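As a plain string of letters, each chain reads:
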Amino acid sequence: MMKRLRRYIMTLNQWRIQRLSNRNFLIVLSILVGILGGLAAAALKGLTHSIAAFLQDEVQWEYKYYLYLFFPLIGILLSVVYVRRFIKSKQMAHGMTPIMYAISRRSSRIEPHNMYSQIITSALTIGFGGSAGLEAPIANSGSAIGANIGRVFGLNYREITLLLACGAAAGIAGAFNSPVAGMIFAIEILLPEFSIPAFIPLLMSAATASVISRLIYSEPLFHLLTDDWNLDALFFYVLLAALIGLFSIYFSKLSAAVNSWFAGITNPYRKVWLSGLSLGLLIFLFPALYGEGYLAIQQILNGSYHALLDNSIFSGYSQYGYLIVLYALITVIAKSFASLITLNSGGNGGIFGPTLVMGGLLGFAFAYGLNLTGLVSLDIANFVVAGMAAALSGIMHAPLTAIFLIAEITGGYMLMVPLMIVTSIAYLINRSVMKHSIYTKALAEKGDLLTHEDKDRTVLSMMKLRYVLEKNFTILHPHERPMDRRYDIIHTKRNIFPVVDDQGKLLGIIYSERLFEILLGESNERDKTVADLVQKPADTVLVDANMEVVMNKMNREDIWILPVVDKSGIYMGFVSKSAVFNKYRALLMRQADYLG
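Just so it is clear, the model here is predicted, and its values are computed rather than measured.

About the cut-offs
Residues numbered from 1 in each chain as written. Predicted model: local features only at pLDDT ≥ 70, side-chain atom pairs only at ≥ 80, totals over all residues. Heavy atoms only, no water. Helix = DSSP H or I, 4+ residues; strand = E, 2+ residues; numbered from the N terminus. Buried < 20%, exposed > 50% of the residue type's maximum accessible area, 1.4 Å probe, protein only. Contact = heavy atoms within 4.5 Å. Areas by Shrake-Rupley, 256 points an atom, 1.4 Å probe, with all protein chains shown as cover. Pairing = 2+ DSSP bridges. Axes fitted to C-alpha atoms, helices over the stretch in contact; angles between N-to-C directions. Parallel < 35°, antiparallel > 145°, perpendicular 65-115°, else oblique. Left-handed = near helix turned anticlockwise from the far one by under 90°. Salt bridge = Lys/Arg side-chain N within 4 Å of Asp/Glu carboxyl O. Core = buried A, V, L, I, M, F, W, Y, C linked by side-chain atoms within 4.5 Å. Arc of directions from axis to C-beta. Expected span 1.5 Å × (residues − 1). Phe/Tyr/Trp six-rings, centres within 6.5 Å; stacked < 30°, edge-to-face > 60°. Lys NZ or Arg CZ within 6 Å of the ring centre and 35° of its normal. Patch = residues over 30% accessible without salt bridge, like charges linked within 9 Å, V, L, I, M, F, W, Y side chains within 5 Å.

(A) Structural detail: the overall build of the protein chain. Across its full length, the protein chain carries 24 helices and five strands. Burial analysis of the protein chain (596 residues in total) assigns 55% to the buried set. The contacts of the protein chain with a sequence gap of at least 6 include a subset with a gap of at least 24, amounting to 75%. In the form shown here, the protein chain has an accessible surface area of approximately 26900 Å², with 59% of it arising from carbon and sulfur atoms.

(B) Seen up close, the sheet that holds strand E5 (residues 571-576). Pairing is mixed in the open sheet, where three strands are placed in the order E3-E4-E5. At either margin of the open sheet sits one strand with a lone partner, and together these are strand E3 (541-542) and E5.

(C) Main features of the packing of helix H11 (residues 268-285) against helix H13 (residues 321-344). Running from N to C, H11 and H13 cross one another at 160°; their axes reach a closest spacing of 10 Å. Considering their axes alone, H11 and H13 lie roughly antiparallel with respect to each other. Once H11 is placed against H13, the crossing between them reads as left-handed. Between H11 and H13, the residues in contact are Lys271, Ser275, Ser278, Leu279, Leu282 and Leu285 and Tyr327, Ala334, Ala338, Ile341, Thr342 and Asn344, respectively.

(D) The pattern of salt bridges, seen in detail. Inspection of every chain in the model, using the stated rule, returns five salt bridges. As a salt-bridge pair, Glu470 and Arg494 come within 2.6 Å of each other at their nearest N and O atoms. Pair noted here: Glu470 is in the loop between helix H19 (455-462) and helix H20 (486-491) and Arg494 is in the loop between H20 and strand E1 (496-500), with a separation of 24 residues, a long-range link. On the basis of relative accessibility, which here comes to 23%, the residue Arg494 falls in the partly exposed class. The shortest N-O distance in the salt bridge between Lys553 and Asp539 comes to 3.7 Å. In this pair, Lys553 is assigned in helix H23 (residues 547-557) and Asp539 in the loop between helix H22 (530-533) and E3, connecting sequence segments 14 residues apart.

(E) Structural view of the pairing of E1. Buried residues dominate E1, accounting for five of its five residues. The side-chain alternation of E1 yields two buried faces, one formed by Ile496, Pro498 and Val500 and the other by Phe497 and Val499. Where E1 meets strand E2 (residues 506-511), five bridges bridge the pair, whose relative direction is antiparallel. Counterpart to Ile496 in the pairing with E2 is Tyr511. Following E1, the chain reverses through five residues before pairing antiparallel with E2; Gly504 in that reversal takes a positive phi of roughly 90°.

(F) Here's a closer look at the nonpolar core. Counting residues in each nonpolar core, the largest one holds 137 residues, and the members touching the most others are Phe176, Leu202, Leu308, Phe364, Phe383 and Tyr439. In this structure Leu308 touches Ala288, Ala296, Ile324, Tyr327, Ala328, Leu361 and Phe364, once residues within four positions along its chain are discounted.

(G) A look at H23. Every buried residue of H23 is listed here: Met547, Val550, Met551, Lys553 and Met554. Buried residues in H23, looked at end-on, bunch into an arc of 155°, giving them a common side. At the C-terminal side of H23, Asp558 shows a positive phi close to 55°.

(H) Region of interest: the packing of helix H10 (residues 234-263) against helix H15 (residues 380-396). Running from N to C, H10 and H15 point in directions that differ by 40°, and their axes come no closer than 9 Å. Considering their axes alone, H10 and H15 lie oblique with respect to each other. Considering only the axes of H10 and H15, their crossing is right-handed. From H10, Phe236, Tyr237, Leu240, Ile244, Ser248 and Phe251 reach across to H15, where they touch Asn382, Phe383, Ala386, Gly387, Ala390, Ala391, Gly394 and Ile395.

(I) Main features of helix H3 (residues 71-86). End to end, H3 covers 22 Å across 16 residues, agreeing with the expected 22 Å (1.5 Å per residue, within 8%). Every buried residue of H3 is listed here: Phe71, Pro72, Leu73, Gly75, Ile76, Ser79, Val80, Tyr82 and Val83.

(J) Just the packing of aromatic side chains, in detail. Inspection of the entire model under this criterion finds 17 aromatic pairs. Centre to centre, the rings of Phe473 and Phe574 are 4.4 Å apart; their planes meet at 35°, and the pair counts as tilted. With Phe473 in the loop between H19 and H20 and Phe574 in strand E5, this pair connects stretches of sequence that are 101 residues apart. Residue classification places Phe473 among the buried positions, given a relative accessible area of 7%. Residue classification places Phe574 among the buried residues on the basis of a relative accessible area of 0%. By the ring-pair criterion, three or more aromatic residues cluster together here, those being Phe176, Phe185 and Phe352. Positioned over the ring face of Phe86 is Arg85, at 5.2 Å from the centre of the ring.

(K) Representation of a nonpolar patch on the surface. The grouping of Leu32, Ile35, Leu36, Leu39, Val211, Leu215 and Ile216 at the surface amounts to a nonpolar patch, some 600 Å² of accessible area in total. The set of elements that each furnish at least two residues to the nonpolar patch consists of helix H2 (22-58) and helix H9 (199-216). Looking at the nonpolar patch element by element, the count peaks at four residues for H2. With respect to the helices and strands, Leu39 occurs in helix H2.

(L) Examining the side chain of Ser252 more closely. Looking at where Ser252 falls in the secondary structure, it is placed in helix H10. For Ser252, the contacting residues outside a window of four places in its chain are Asn430 and Met434.

This is the structure in structure tokens:
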């Protein structure tokens, strides 16, 4: 079966090479990626919401809300068990960061299982109440679809990367029914140096996915009725943006702290129990934390502010306006912890959805709280929408995505000017403190971030030392004499010889000039052993060292070549500037292809 499929693909590939240009073929593939991405988005939304609806509506039991203490635990546990049982690597990428890592470090290669495993694990996690969003899993699934289709047809790095971005755009477009936002998301997050040729495939893929998803699962995310915005409220939009900008800094730092804390727990099932029970307790106290949390936002947009307290132990106090404001603010803090706990515990989901919910609740608390004073009369729904856009822009460093996504999913195109204002301010405030977004911070710290501000550092960060390691050197041993290895020394093409002991450890080096003097009788060291002649190298390089560190050592010592060892001192080979420059040129050409 697989052999027949391969033969069919090869035949199809040969036909398209003869009949279609690469540009036209990419458009055809982008439509295919859009169809599959739309189907994946519809499947994920349908499966997740079916699980949630069954647990919340079909389970009729007087005390069923006490099960909220255990639903998240069950969902995360099932997700972890699935990964450890069915995913060979026992690990699965979560969030948008792995997609960016695949582009910069793995030649846009994404494991095929992500096409379906992202859907399964995120549906289990979020359907059972995990406080996360669906956008990152579907973007991962779409990216895997695009990257693997490109690889099947033998496309180059640039073309595979473009299809990967098409898949991510299709996933976002299908998940939110927002084709423009999907396309802009791919450009802003995955293709920071946008080129015009990438526009058409991205547009086709996002539009196709949106149509397919809407045909299968047409339920809109939010309903918003708004005629316009009041110019008198401009100052309050600016103030809201500033407050959410500060909140985005808090959330970014909290994310790093929670990630670091969970990284110290090595047992995956200990993470499940600890996070599952903690998350269950939070959801029991704040039911709006269940799943994505969009229902609470829609209820607020509908004017049902008291619904935020419904089904909670505080439901009897829903008539007190200031208590609703306080509860909303506490829910925001709880949501920030709940979403990070979900994502770090082994559950699968994204931070996109929680960001929208937190921003919406902050916008609601801000406007509703001011209205209660009687000093102003703000349109609460408009401020909820503006809060969502501001939070997304600040935390994700994606102002354009925030503007168009919120406008599309709410229908709030009349709010375009306030959206532009709040997204810009929140982004600038966060960027003034946090150089990198929540997606790129981890990559930047490891030197794996593909940026275009410093191309030298970017290209060096893409380079792995093992790919430029040279091993064709003649190895000498300490007990040998130069005359014993006369033939090897004379016929080698290298002018440097590593000296290695019986355990493989590097003892030092000898240059060919000194050995030739001995072999030609121009030196009185004829009877000396290699151990007597060996000299310490100027420096050594660890095999897992960052290439920027390697080049800094070479420039500091003004040398052309350095020996490479592992952490135990075992000799691995040499790294030379010539090999680095050759690889640098190849990567620079590939990066140019990526930029289009």
